[in-house]
Each structure stands twice: as structure tokens, then as C-alpha cells.
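Structural overview
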Amino acid sequence: MPPTAQFAAKRVAKELQKITNDLPPGIKLVEAENFEEWLLDIQVLDDNPLYKDQTYRLKFKFGSSYPIEPPEVTFVKLPDRPIPIHPHIYSNGIICLDLLGQQGWSPVQNVESVCMSLQSMLTGNTKNERPPGDEEFVRANRLRPKDIDFYYHDNNV
């Protein structure tokens with residue numbers, strides 16, 4: 001195993017140990033059977049009518065360069081877990097958030113801080129809409145989220 005992959009596995013193991021016993025309200029670890037992919041559920045805890053009483057499933061994929069590079073984080077649609085409607089979340093679950101890109105990511109971030117950032121992003125949203133061009137993007141995109149070059153221009157949502 002290359003040194004970066006060893007470092008990534010060690011870091012993910014450390015995070016797993018911490019979050020198994022201690023996650024903030026509204027965040028729940030669902031599955032973490034390996035160091036490559038985890039599933040978590042998040043809820044918005046305020047009274048935002050767009051997300052009230054909803055639970056959303058997140059998939060985290062960790063590469064061998066984690067935490068130097070961000071994890072790949074997407075929302076997953078299940079019968080009881082919709083994709084949240086938000087101007088920065090595509091209907092296929094891809095999230096446009098600078099924190100998840102190379103420019104906005106920092107190795108001090110972790111699974112918990114990403115979940116809390118997404119909770120906050122949903123809490124502050126008042127627009128019941130998808131990103132502009134959602135249908136075209138979802139139909140045409142063949143790239144993994146980490147390979148998409150998003151233009152972060154709207155920090156008010």
C-alpha cells in the first residue's frame with residue numbers, strides 16, 4: 001500500500017472511531033464497512049419548510065489521497081430518502097459546494113464538518129429550485145463529481 005493510501009486509511013479509521021460514538025444532532029452513520037465508502041443520513045433540524053421531517057442519505061467516497069484531497073460526496077436517492085431540492089444540488093445527487101472541490105477543501109475538514117456544512121447549506125436555503133440547467137447537466141454529465149470543474153459564483157444560497 002503506497003504511503004498516501006496508508007495515511008488515508010489511518011485518517012479514515014480515526015474519523016470512524018470518533019463519529020461512531022459522537023455525532024452532532026441530525027447526523028447518523030448508517031454504514032461504514034470499509035475505508036472507501038460510507039453512508040450517512042442527515043436531517044435539517046430547524047423549521048425550514050423545504051426540508052422539515054425529511055432525512056437525506058449521503059455517500060462519502062474516500063480516495064487514496066484523503067484528506068489531502070476531498071472525499072467525493074453525493075446525495076443518494078432511495079424510496080424514503082429523496083434528493084433535497086436546492087440551487088446547488090443536482091437531481092442526480094451531485095453537490096456544487098466549494099468545500100468539496102480542490103479550492104475550498106482543507107485537510108482539517110472531515111466527515112463531520114462536511115455533514116454540518118451541508119446541514120447549514122440546507123437550513124439557510126429559501127429557494128425550492130434546482131441549479132440552472134439541471135436537466136441538461138444530469139442527462140449529459142459522465143464525470144465523477146470530483147472531476148467536474150464547477151464555477152462557484154453564488155455564496156448566498
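In this report, the structure presented in the accompanying data block is examined.

Calculation notes
Residues numbered from 1 in each chain as written. Predicted model: local features only at pLDDT ≥ 70, side-chain atom pairs only at ≥ 80, totals over all residues. Heavy atoms only, no water. Core = buried A, V, L, I, M, F, W, Y, C linked by side-chain atoms within 4.5 Å. Buried < 20%, exposed > 50% of the residue type's maximum accessible area, 1.4 Å probe, protein only. Helix = DSSP H or I, 4+ residues; strand = E, 2+ residues; numbered from the N terminus. Phe/Tyr/Trp six-rings, centres within 6.5 Å; stacked < 30°, edge-to-face > 60°. Pairing = 2+ DSSP bridges. Axes fitted to C-alpha atoms, helices over the stretch in contact; angles between N-to-C directions. Contact = heavy atoms within 4.5 Å.

Re the nonpolar core
In this structure, Trp38, Ile42, Leu58, Phe60, Ile95, Val111 and Leu118 are the most contacted members of the largest nonpolar core, which totals 30 residues. Listing elements by their share of this core, those giving two or more residues are α1 (3-21), β2 (37-42), β3 (56-61), β4 (72-76) and α2 (111-123). Counting residues per element, this core draws most heavily on α2, which supplies six residues.

Brief notes about the packing of aromatic side chains
Throughout the structure, instances matching the rule amount to seven aromatic pairs. When the centroid spacing of 6.2 Å and the interplanar angle of 85° are considered together, the rings of tyrosine 56 and phenylalanine 75 count as edge-to-face. Taken together, the positions of tyrosine 56 in strand β3 and phenylalanine 75 in strand β4 put the pair 19 residues apart, joining distant regions of the chain. Here tyrosine 56 matches phenylalanine 75 in class, with each residue buried. Cluster of aromatic residues (ring-pair linked, three or more members): Trp38, Phe60, Phe62, Tyr66 and Trp105.

Some details on the sheet that holds β3
Across the sheet, which stays open at both edges, the four strands sit in the order β1-β2-β3-β4 with antiparallel pairing between neighbours. A single partner strand is all that each edge strand has here, and the edge strands are β1 (27-31) and β4. Shown here is a sheet whose adjacent strand axes are inclined to one another by a mean of 30°, direction ignored. Looking at chain direction, β1 and β2 are connected through four bridges and run antiparallel. Of the residues in β2, the one forming a bridge with isoleucine 27 is isoleucine 42. Running at roughly 30° to β2, α1 makes contact with β1 and β2 of the sheet. Its contacts with the sheet put α2 on β1, β2, β3 and β4, and the angle it makes with β2 is roughly 35°.

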